[in-house]
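Commentary on secondary and tertiary structure
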Amino acid sequence: MRTELFEPDVTTGELELEERHSLRRVAGLSTELTDITEVEYRQLRLERVVLVGVWTEGSIADAENSLTELAALAETAGSEVLEGLIQRRSRPDPATFIGRGKVDELRDVVIASGADTVICDGELSPSQLRNLEQQTKVKVVDRTALILDIFAQHAKSKEGKAQVELAQLQYLLPRLRGWGESLSRQGGGAGGGAGGGVGTRGPGETKIETDRRRINQRIAKLRREIKAMRTVRQTKRSRRTSNGVPAVAIAGYTNAGKSSLLNRLTKAGVLVEDALFATLDPTTRRTAAEDGRVFTLSDTVGFVRHLPHQIVEAFRSTLEEVAYADLVVHVVDGAHPDPEGQVAAVREVLSEVGADRIPELLVVNKIDAADEETMLRLKRAWPDAVFASARSGQGIDDVHAAIAQRLPRPAVDLRVLLPYDRGDLVARIHRRGQVLDTRHTDEGSELRVRVDQQLAAELEPFKA
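Cut-offs used in this document
Residues numbered from 1 in each chain as written. Predicted model: local features only at pLDDT ≥ 70, side-chain atom pairs only at ≥ 80, totals over all residues. Heavy atoms only, no water. pLDDT = per-residue confidence, 0-100. Helix = DSSP H or I, 4+ residues; strand = E, 2+ residues; numbered from the N terminus. Contact = heavy atoms within 4.5 Å. Phe/Tyr/Trp six-rings, centres within 6.5 Å; stacked < 30°, edge-to-face > 60°. Lys NZ or Arg CZ within 6 Å of the ring centre and 35° of its normal. Pairing = 2+ DSSP bridges. Axes fitted to C-alpha atoms, helices over the stretch in contact; angles between N-to-C directions. Expected span 1.5 Å × (residues − 1). Buried < 20%, exposed > 50% of the residue type's maximum accessible area, 1.4 Å probe, protein only. Polar contact = N/O pair within 3.5 Å; in protein donor to acceptor, adjacent residues only side chain to side chain. Core = buried A, V, L, I, M, F, W, Y, C linked by side-chain atoms within 4.5 Å.

**Topic: the confidence of the model for the chain**
Any residue range with low pLDDT should be treated as having predicted coordinates unsuitable for detailed reading. With 78% of its residues at a pLDDT of 70 or more, the chain has an overall mean of 79. Per-element averaging of pLDDT across the chain places helix α2 (residues 38–44) at the bottom with 40 and strand β10 (residues 386–387) at the top with 94. In this model, residues 1–8 is a region of pLDDT below 50 whose contacts with residues beyond four sequence positions or in other chains number 1 contact. Across residues 22–45 the pLDDT falls below 50, and counting only partners more than four positions away or on other chains, this stretch makes 20 contacts in the model.

Okay, here's the thing in structure tokens:
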């Protein structure tokens, strides 16, 4: 008797989501081992974290939204958030990020809550990181390190893993620290003059210097690999361009529903999860408008406020998919407390990769979870936007129609008479252009078409 391994309607994304959840740590579980070391214990339990933010500009609501987003990032990384602190300052303290009094308060909160990690809402300098760890006596990470950790967990493809590793090494390089023997010089061997044999005399090299050199070598290798992958991506892109297939890129804030929208529009079956940066690897699918024009839809990595520059640089080859698109579908979370801030953050990153001049279609998603007051405000602010829900399907037809309306249209109108044995040309016209009118005669099919310049030249012998 034959048994099916999977249900026929199970998608690749659902399988990835099941695998990811099966590996997630669970709070409240303990181990029977009593002689476990501190490092092993920390790996086995869910990290308990305290969040710290500095409010330098904007309103208190903006500061609270930023800390709420940091909490969501921490939970996505697998941590349990215990407490959150915000300090009002004109600028972060250059030594400890927060003021001296706030450091004492943070230490008290860490002791009272039993936290083992402090996460700061900003990028810390190496000295700030070291000083805070010395004074709080627990591990300290910043927003950049947290985002890099999430990217490392969620990267699946070879290109994605290489990009994440490059970003992590670029972040780590200026923050290398050594203790004890790591700072001592490597001694020379026996014999031969002052301190060692041939090639080993002199002060030697510290372990931290060796680590720094190896990291630089690894960074150089990763950059070469990513450059080769970029060439492959450009080849695929040029092939689509030569075939006259328009490209549409879906961009937006993380967890705005980009993958859900791609699934709705193309039945791609990619992973969907209510988490930040759930999918990193871009997915491209072919689909067609109602008039038969074929185009590609590409999902891209999500953006976030203050997206680390290491990520933007490492993922530049992936983000450039947006820069070469004919249309950007900018997805916004309508149920988020600050959708306008999300749009500003996304447009800032798009301008960094040269995609700010691409035509944009704003799609406000999750309207089924947003309140009426927010919807009225957003409709006044963005009158040309399309409002939809990828989860319920509401407004998806409007999104599809809006994309089709904004697709670049072929430039040349022709009337051709194609013999019945040239079905290949008819298929190419449907794939790359528009058929405006059809009439069948004894000699063949008479078509009125709108096509690009290249295909128009090939159809010249059949002009009616």
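Having put the structure on the table, let's press on.
**What about the packing of aromatic side chains?**
In total, this model carries 0 aromatic pairs according to the counting rule given. A cation over an aromatic ring shows up here: Arg88 above the ring of Trp55, its NZ or CZ 4.3 Å from the ring centre.

**Here we look at the sheet that holds strand β9 (residues 360–365)**
Pairing between the strands of a sheet comes from backbone hydrogen bonds, and it takes one of two forms, parallel or antiparallel. Reading across the sheet, the 6 strands line up as β6-β7-β5-β8-β9-β10 and stay open at both edges, with mixed pairing between neighbours. At either margin of the open sheet sits one strand with a lone partner, and together these are β6 (283–288) and β10. Lying on the sheet, helix α12 (residues 339–352) is in contact with β5 (247–252), β8 (327–333) and β9; it crosses β8 at an angle near 145°.

**A short note on helix α3 (residues 60–76)**
Turn by turn, an α-helix covers 3.6 residues, leaving residues three or four places apart pointing in a common direction. The end-to-end C-alpha distance of α3 is 24 Å, a good match for the 24 Å that 17 residues give at a rise of 1.5 Å each. Buried within α3 are the following residues: Ala63, Asn65, Ser66, Leu67, Glu69, Leu70, Ala71, Leu73, Ala74 and Thr76. Packed against the buried residues of α3 are β1 (47–55), β2 (79–88), β3 (117–120) and α6 (143–154).

**A few points about the side chain of His330**
Note that His330 resides in strand β8. Exposure remark for His330: the relative accessible area of 1% places this residue in the buried category. Residue contacts for His330: discarding those within four places in its chain leaves Ala251, Gly252, Val343, Val346, Arg347, Glu360, Leu361, Leu362 and Val363.

**Things to note about the sheet that holds β1**
Spatially, the 4 strands line up as an open sheet ordered β2-β1-β3-β4, and their pairing is parallel. In the strand order of this sheet, the two ends are held by β2 and β4 (139–142), each with one partner. Here the strands of the sheet are splayed against their neighbours by 25° on average, with no regard to which way each runs. Bridging between β1 and β3 involves 4 bridges; their strand directions are parallel. Of the residues in β3, the one forming a bridge with Val50 is Val118. Packed onto the sheet, helix α4 (residues 100–113) meets β1, β2 and β3 and runs at close to 160° relative to β2.

**Looking at the side chain of Thr76**
For Thr76, the location among the structural elements is in helix α3. By relative accessible area, Thr76 is classed as buried at 7%. A polar side-chain atom of Thr76 sits 2.8 Å from the main-chain carbonyl oxygen of Ala72.

**Quick look at the nonpolar core**
In terms of nonpolar packing, the biggest core is built from 75 residues, with Val248, Leu261, Phe303, Val329, Leu361, Val399 and Ile403 touching the most fellow members. If we skip the residues at most four places from it in the chain, Val399 touches Leu261, Leu265, Leu361, Val363, Val386 and Ala388. With 18 residues, the next largest nonpolar core counts Val50, Val52, Ala115 and Cys120 among its residues.

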